[in-house]
Amino acid sequence: MKRFTSFRADFTASLVVFLVAVPLCVGVAVASGVPAELGLVTGVVGGLLTGLLPGSSLQVSGPAAGLTVLVFEAVKEYGIGALGALVLAAGALQLAMGALKLGRWFRAISVAVVQGMLAGIGLVLIAGQLYALADAKAPGSGLANLGGMPGLVTATAGSGTALAALAIGTGTIAVLVLWPRWRRAARILPAPLAAVALATVAVWALDLPVARVEVSGLLHAIQPPGLADLGRLTEIGVLGTVLAFALIASAESLFSAAAVDRLHDGPRTEYDKELMAQGAGNAVCGLLGALPMTAVIVRSAANVQAGAKTKASRVLHGVWLLVFAAAFPAALGVVPVAALAGVLVHAGCKLIPLRELRPLWREHRGEAVVLLVTALAIVTVNMFEGVLIGLLMAIAKTAWETSHVHLDIHTPDDEAEPVTVRAVGNATFLRLPKILDQLETLPADREVELDLTGLRHLDHACGTALTNWAEQHRRTRRAVELVS
């Protein structure tokens with residue numbers, strides 16, 4: 001009886017997750033510049049394969065908005081044929097990291113960098129999808145998209161078709177915001193599906209001349225990578241993209257796992273196994289030429305809130321996606337592109353931690369600066385280099401904050417006795433100017449006893465500088481005794 005009750009809960013939850021996943025899978029694929037069916041393929045693999053593997057029992061995987069910008073740039077740079085090779089290599093790298101027990105180390109990544117990464121992704125995603133809201137083509141990079149906004153406003157205002165698409169897109173966003181407040185309806189139909197369904201009905205009923213999603217057969221969309229595509233993995237730029245795919249997908253999945261663990265009382269996530277499960281899923285997605293996958297917090301939260309008990313719910317959601325993609329592909333052809341853009345603009349807004357930023361600025365200003373710099377770097381440069389800039393800044397901030405050193409100076413009244421200077425803390429090159437400035441203020445005509453025994457850490461640069469200062473002081477002034 002208990003097993004039947006659990007299966008019934010998982011069955012119901014799988015239908016809810018399926019309804020949430022359909023518009024997200026299609027929307028992410030369209031925003032990534034690939035056929036809509038490839039998003040569904042990744043969702044199917046995330047359910048049927050990753051869903052069966054150990055790691056996190058209730059977390060749901062599929063194509064995510066967090067990788068949209070990077071995938072779009074990769075497809076634009078290397079072509080859609082190379083996408084499978086990139087995803088396959090990223091999956092293999094994730095498998096290797098999981099086998100080496102590196103999954104737990106992703107928890108050591110600065111939260112400010114992760115939030116900044118998501119905020120940057122959200123900003124670039126919004127900037128790109130604002131064009132899709134008006135059935136216009138985005139210029140390309142984040143800065144170019146932002147710079148083209150005045151022209152977009154002018155072009156939209158002068159076009160009836162663009163205004164119709166904009167009305168559909170903004171209406172979709174309004175439904176996404178307001179639908180969850182109607183709790184009874186939200187329990188029956190998830191907000192993303194309700195918004196897309198209402199937008200589709202409105203376009204059909206009013207016969208609006210807006211762009212629809214272009215669809216083809218599921219098997220036709222699958223394009224396994226060829227030998228030429230695999231051969232490009234030796235290129236430096238391609239390897240950088242693979243590394244970005246693997247690291248960002250892994251970080252997002254494992255942070256999502258930590259968040260999902262806080263939502264339920266079931267078994268906790270085994271991070272290394274979850275990393276290998278994500279790697280296996282991405283390897284298969286790569287072989288099929290589909291989008292990369294991550295664990296998606298929107299679907300995972302929906303899964304938990306719908307009452308899922310075991311991993312059966314996420315496997316069944318993959319079954320429903322496969323049945324839908326195989327049996328009803330024509331249903332996608334009536335969906336307006338502007339509605340999916342609205343879903344992604346809403347998703348992008350949720351990636352920006354506006355509520356957390358103000359208290360973070362008050363309590364941990366350095367962390368807030370790291371978050372903002374990471375986000376702006378992603379918008380102005382690109383995803384991979386932006387995250388690296390954020391990580392380097394977080395490391396520099398930590399090094400600065402931990403390298404506290406204090407000089408306790410005691411000057412006896414008796415000039416025959418030496419001035420004693422006791423250094424306490426961590427003496428690194430970052431604090432060297434401050435230390436030397438304080439030493440230069442010591443009386444020129446007194447002996448000095450410099451005690452370094454209170455230092456927990458003395459790096460090479462600082463030790464060399466203090467030794468040189470002592471020697472120079474002996475030559476030009478009086479004796480110096482170093483105690484270390």
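What you see is a predicted model; the values in this text were computed from it and never measured.

Caption draft 1: Highlighting the overall build of the chain. The number of helices and strands found in the chain is 22 helices and six strands. In terms of principal-axis extent, the alpha carbons of the chain reach across some 100 × 60 × 50 Å. Classification of the 484 residues of the chain by burial places 50% in the buried group. Total accessible area on the chain is roughly 22,600 Å²; 65% of this is exposed by carbon and sulfur atoms. Taken as two groups, the 36 positive and 34 negative side-chain charges of the chain have centres that lie 14 Å from each other.

Caption draft 2: Local environment of the pairing of strand S4 (residues 419–427). Of the strand pairs in this sheet, strand S3 (residues 405–410) and S4 are connected by six bridges, and their pairing is antiparallel. Residue pairing in the sheet places Val405 in a bridge with Gly425 of S4. Note that S4 and strand S5 (residues 448–458) share eight bridges and pair parallel. Paired with Thr420 across the strands is Glu449, a residue of S5. For the crossover that starts at S4, traverses helix H21 (residues 432–440) and ends in the parallel S5, the hand is right-handed.

Caption draft 3: Here's a closer look at the nonpolar core. In terms of nonpolar packing, the biggest core is built from 79 residues, with Leu83 and Phe245 touching the most fellow members. Counting residues per element, this core draws most heavily on helix H1 (residues 2–31), at ten residues. Among all residues touching Leu83, those that are not within four sequence positions of it are Val34, Val71, Val75, Phe245, Gly289, Ala290 and Leu291.

Caption draft 4: Quick peek at the packing of aromatic side chains. Counted by the stated rule, this structure contains two aromatic pairs. The interplanar angle of 85 degrees and the centroid separation of 5.7 Å between the aromatic rings of Phe11 and Trp320 together place this pair among those described as edge-to-face. With Phe11 in helix H1 and Trp320 in helix H16 (residues 312–327), this pair connects stretches of sequence that are 309 residues apart. Here Trp179 and Trp182 contribute two aromatic rings whose centre-to-centre distance is 5.5 Å and whose plane-to-plane angle is 65 degrees, an arrangement assigned as edge-to-face.

Caption draft 5: Main features of the packing of helix H5 (residues 111–133) against helix H17 (residues 337–351). Interaxial distance between H5 and H17 falls to 8 Å at its minimum, and their mutual angle equals 160 degrees. Judged by the angle between their axes, H5 and H17 are roughly antiparallel. Note on packing geometry: the crossing formed by H5 with H17 is left-handed. Counting all contacts with H5, which are made through Leu118, Ala119, Ile121, Gly122, Leu125, Ile126, Gln129, Leu130, Ala132 and Leu133, the residues of H17 involved are Val337, Ala338, Ala341, Gly342, Leu344, Val345, Gly348, Cys349 and Leu351.

Caption draft 6: A look at the confidence of the model for the chain. Looking at the chain as a whole, the pLDDT averages 82, with 93% of positions reaching at least 70. No element of the chain has a lower mean pLDDT than strand S6 (residues 480–483), at 64, and none a higher one than helix H4 (residues 83–99), at 92.

Caption draft 7: Quick look at the side chain of Thr68. For Thr68, the position within the fold is in helix H3 (residues 68–78). Judged by its relative accessible area of 3%, Thr68 falls in the buried class.

Caption draft 8: Quick look at the pattern of salt bridges. Taken as a whole and assessed by the stated rule, the structure comprises four salt bridges. Measuring nitrogen to oxygen at the nearest pair gives 3.2 Å for the salt bridge that ties Glu270 to Lys273. By relative accessible area, Glu270 is classed as partly exposed at 39%. By relative accessible area, which is 41% here, Lys273 ends up partly exposed. A salt bridge links Lys397 to Glu367, with the shortest nitrogen-to-oxygen separation between them at 2.8 Å. Of this pair, Lys397 sits in helix H20 (residues 383–402) while Glu367 sits in helix H19 (residues 365–380), and the two are 30 residues apart along the sequence. We classify Glu367 as partly exposed; its relative accessible area is 22%.

Cut-offs and rules
- Residues numbered from 1 in each chain as written.
- Predicted model: local features only at pLDDT ≥ 70, side-chain atom pairs only at ≥ 80, totals over all residues.
- Heavy atoms only, no water.
- Helix = DSSP H or I, 4+ residues; strand = E, 2+ residues; numbered from the N terminus.
- Buried < 20%, exposed > 50% of the residue type's maximum accessible area, 1.4 Å probe, protein only.
- Areas by Shrake-Rupley, 256 points an atom, 1.4 Å probe, with all protein chains shown as cover.
- Lys, Arg positive; Asp, Glu negative; His and termini not counted.
- Charge placed at Lys NZ, Arg CZ, Asp CG, Glu CD.
- Pairing = 2+ DSSP bridges.
- Right-handed = clockwise from strand over helix to strand, strands pointing away.
- Core = buried A, V, L, I, M, F, W, Y, C linked by side-chain atoms within 4.5 Å.
- Contact = heavy atoms within 4.5 Å.
- Phe/Tyr/Trp six-rings, centres within 6.5 Å; stacked < 30°, edge-to-face > 60°.
- Axes fitted to C-alpha atoms, helices over the stretch in contact; angles between N-to-C directions.
- Parallel < 35°, antiparallel > 145°, perpendicular 65-115°, else oblique.
- Left-handed = near helix turned anticlockwise from the far one by under 90°.
- pLDDT = per-residue confidence, 0-100.
- Salt bridge = Lys/Arg side-chain N within 4 Å of Asp/Glu carboxyl O.

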